[in-house]
Amino acid sequence: MADDLPPLHFTRVERDGNILVVTLDRADKRNALSAAFIEELCALFEWVRRSDAGAVVIRAEGSVFCAGLDLVEHHLEDRSASDFMHICRRWHAAFDAIQHCGKPVIGALNGAVVGGGLELASSFHIRVADPTTYFALPEGQRGIFTGGGATVRVARLVGEARMVDMMLTGRVYAGDEAVAVGLCQYSVAGSSLDKALEIARKAAENPPLSNFAITSGIAHIGNMPANDAFFAEAFIAGVTNTQPASVERLAAFMNKTAPKTLKS
Ligand code: 1HE
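Please read all numbers here as calculations on a predicted model, not as lab measurements. (Residues numbered from 1 in each chain as written. Predicted model: local features only at pLDDT ≥ 70, side-chain atom pairs only at ≥ 80, totals over all residues. Heavy atoms only, no water.)

**Student:** Could you clarify how one ought to interpret the domain arrangement of the chain in this entry?
**Tutor:** Interface size is often expressed as the accessible area that is lost when the parts come together. For the chain, the assigned domains are domain 1 (11-204) and domain 2 (208-263). Between the C-alpha centres of domain 1 and domain 2 there is a distance of 27 Å. Contact residues are listed per partner, giving 10 residues for domain 1 and nine residues for domain 2. Between domain 1 and domain 2, the buried area comes to about 670 Å², and carbon and sulfur atoms account for 45% of it. Taken as a group, His100, Gly102 and Arg156 account for 62% of the area that domain 1 buries against domain 2, more than any other trio of residues on that side. Our count for the domain 1 to domain 2 interface comes out at zero salt bridges. In this structure, the connection of domain 1 to domain 2 is made through five residue pairs in polar contact (both at pLDDT 80 or more). (Domains from an automatic or database assignment. Contact = heavy atoms within 4.5 Å. Buried area = accessible area lost by both parts, 1.4 Å probe. Salt bridge = Lys/Arg side-chain N within 4 Å of Asp/Glu carboxyl O. Polar contact = N/O pair within 3.5 Å; in protein donor to acceptor, adjacent residues only side chain to side chain.)

Now the structure itself:
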């Protein structure tokens, strides 16, 4: 582990080979996101970006992955509109730092992934649910609005109409239905951590530049008008598809020493 890991109070970081395992470690408050927790995620993922990790798994201590905004802190702080606007901008910075850390980020989810917890999880590239996992946006019921990027990331995952329904009615999704609507890509009968580690190890076999292009390029291109998107895609492909690691892998394919893409 690099020495310059920032001080951590709400998370733990361990290494499993070239995979970083980040644990949300505020189980007594169901991993609710206080302002200080968000600052820690900003600093930690800036460090992750500079690390040589091949992929990252994010898991949580305790029965709940993340209960979202620290509602008690928010209530006690008696924030002004402008205070909370600045808080939201730090949430955006933290989740952007996760999404664009350059490495595949896989969430090993459990229990509630709600409100800001779903905003956090939607910044991961792959989400794996276990049988206890459920997703909801209880903002309407709490008399608040999403402020950590859900209007972009969750709406992209599930579509605007479904997100409006989730916020108005508090509708909960879990299991295969959560996969079907796009909230997670996997729902497993066993441990979400085991599956997330398996996915992370697989993804970490790709060249780092390819993983950077995949984990950031698709999201950025999705914000562009089609003509600009095609230009950006060509540019990214120009750089990625001519990298030394790609030349080696294509030579192996030509020489019939590379694995084929087969069904199962
Ligand atoms: C919290 C929080 C929290 C728990 N902020 N402290 N998020 C929500 O609306 C979800 C609110 N939380 C819950 O509905 C439940 O806590 C759970 C279903 C997630 C878990 O229930 P449970 O029975 O396991 O735990 P608990 O007994 O409710 O809570 C245990 C402790 O965690 C308790 O503290 P204690 O000091 O009394 O022991 C709770 O107060 C504390 N806790 N959740 C603060 N969220 C940028 S905008 C984002 C907008 C949103 O995120 S809205 C969604 C907010």
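**Student:** How should the packing of helix H6 (residues 150-158) against helix H7 (residues 160-169) be read in this particular structure?
**Tutor:** Two quantities define a packed helix pair, namely the angle between the axes and the distance from one axis to the other. Their axes nearest at 7 Å, the elements H6 and H7 cross at an angle of 115°. Note on packing geometry: the crossing formed by H6 with H7 is right-handed. For the pair H6 and H7, contact is made by Ala150, Thr151, Val154, Ala155 and Val158 and by Glu160, Arg162 and Met163, respectively. Residues of the contact of H6 with H7, tallied by class, amount to five nonpolar, one polar and two charged. (Axes fitted to C-alpha atoms, helices over the stretch in contact; angles between N-to-C directions. Helix = DSSP H or I, 4+ residues; strand = E, 2+ residues; numbered from the N terminus. Left-handed = near helix turned anticlockwise from the far one by under 90°. Nonpolar A, V, L, I, M, F, W, Y, C, P; charged D, E, K, R; others polar.)

**Student:** Would you explain the site of the ligand in this entry?
**Tutor:** Around the ligand lies a shell of 24 residues, among which Lys29, Arg30, Ala67, Gly116 and Arg142 are the nearest. In the model, a nitrogen atom of the ligand is placed 2.7 Å from a nitrogen or oxygen of the Ala67 main chain. Measuring from an oxygen atom of the ligand, one finds a backbone N or O atom of Gly116 at 2.6 Å. Only helix H2 (71-77), helix H4 (116-121) and helix H5 (139-142) provide two or more residues apiece to the shell around the ligand. Partitioned by chemical class, the residues of the shell around the ligand number 12 nonpolar, five polar and seven charged. (Near = heavy atom within 4 Å.)

**Student:** Teacher, can you tell me more about the pattern of salt bridges here?
**Tutor:** When their charged atoms lie close together, side chains carrying opposite charge are able to pair. Evaluation of the coordinates by the stated rule reveals 17 salt bridges. Taking the shortest distance from any N to any O, the salt bridge between Arg12 and Asp25 comes out at 3.5 Å. On the criterion of sequence distance, the pair formed by Arg12 in strand E1 (residues 11-16) and Asp25 in the loop between strand E2 (19-24) and helix H1 (35-50) is long-range, its members being 13 residues apart. Using a relative accessible area of 28% as the deciding quantity, one classes Arg12 as partly exposed. Taking the relative accessible area as the measure of exposure, Asp25 reaches 28% and is therefore partly exposed. Residue Arg26 pairs with Asp70 through a salt bridge whose shortest N-O separation is 2.9 Å. Of this pair, Arg26 sits in the loop between E2 and H1 while Asp70 is found in the loop between strand E3 (55-60) and H2, placing the two residues 44 residues apart along the sequence. Assessed through its relative accessible area of 16%, Arg26 is described here as buried. Among the ionic contacts, a cluster of salt bridges with common partners joins Arg12, Glu14, Asp25, Arg59 and Glu61. (Buried < 20%, exposed > 50% of the residue type's maximum accessible area, 1.4 Å probe, protein only.)

**Student:** Is there a simple way to explain the sheet that holds E1 in this structure?
**Tutor:** Remark on secondary structure: sheet strands pair via backbone hydrogen bonds, oriented parallel or antiparallel. The strand order across the open sheet built from six strands is E1-E2-E3-E4-E6-E9, with neighbouring strands paired in mixed fashion. Looking at the sheet topology across the chains shown, the edges are occupied by E1 and strand E9 (186-187). Pairing of strand E4 (residues 105-108) with strand E6 (residues 126-129) involves three bridges; the strand directions are parallel. Across the sheet, residue Ala108 finds its bridge partner in E6, namely Val128. Across the sheet, helix H9 (residues 192-203) lies against E1, E2, E3, E4, E6 and E9, angled at about 170° from E4, the strand it touches most. (Pairing = 2+ DSSP bridges.)

**Student:** How do you make sense of H7 when you look at a structure like this?
**Tutor:** One full turn of an α-helix is made of 3.6 residues, so residues set three or four places apart face in the same direction. Among the residues making up H7, those that are buried are Met163, Met166 and Met167. Each buried residue of H7 lies within a common arc of 90° when the element is viewed along its axis, so the set occupies one face. For H7, the exposed residues set more than 90 degrees away from the buried face come down to Ala161, Leu168 and Thr169. Buried residues along H7 sit in contact with H4, strand E7 (134-136), H5, H6 and strand E8 (173-174). Phi for Gly170, located one or two positions after H7, is positive at around 70°. (Arc of directions from axis to C-beta.)

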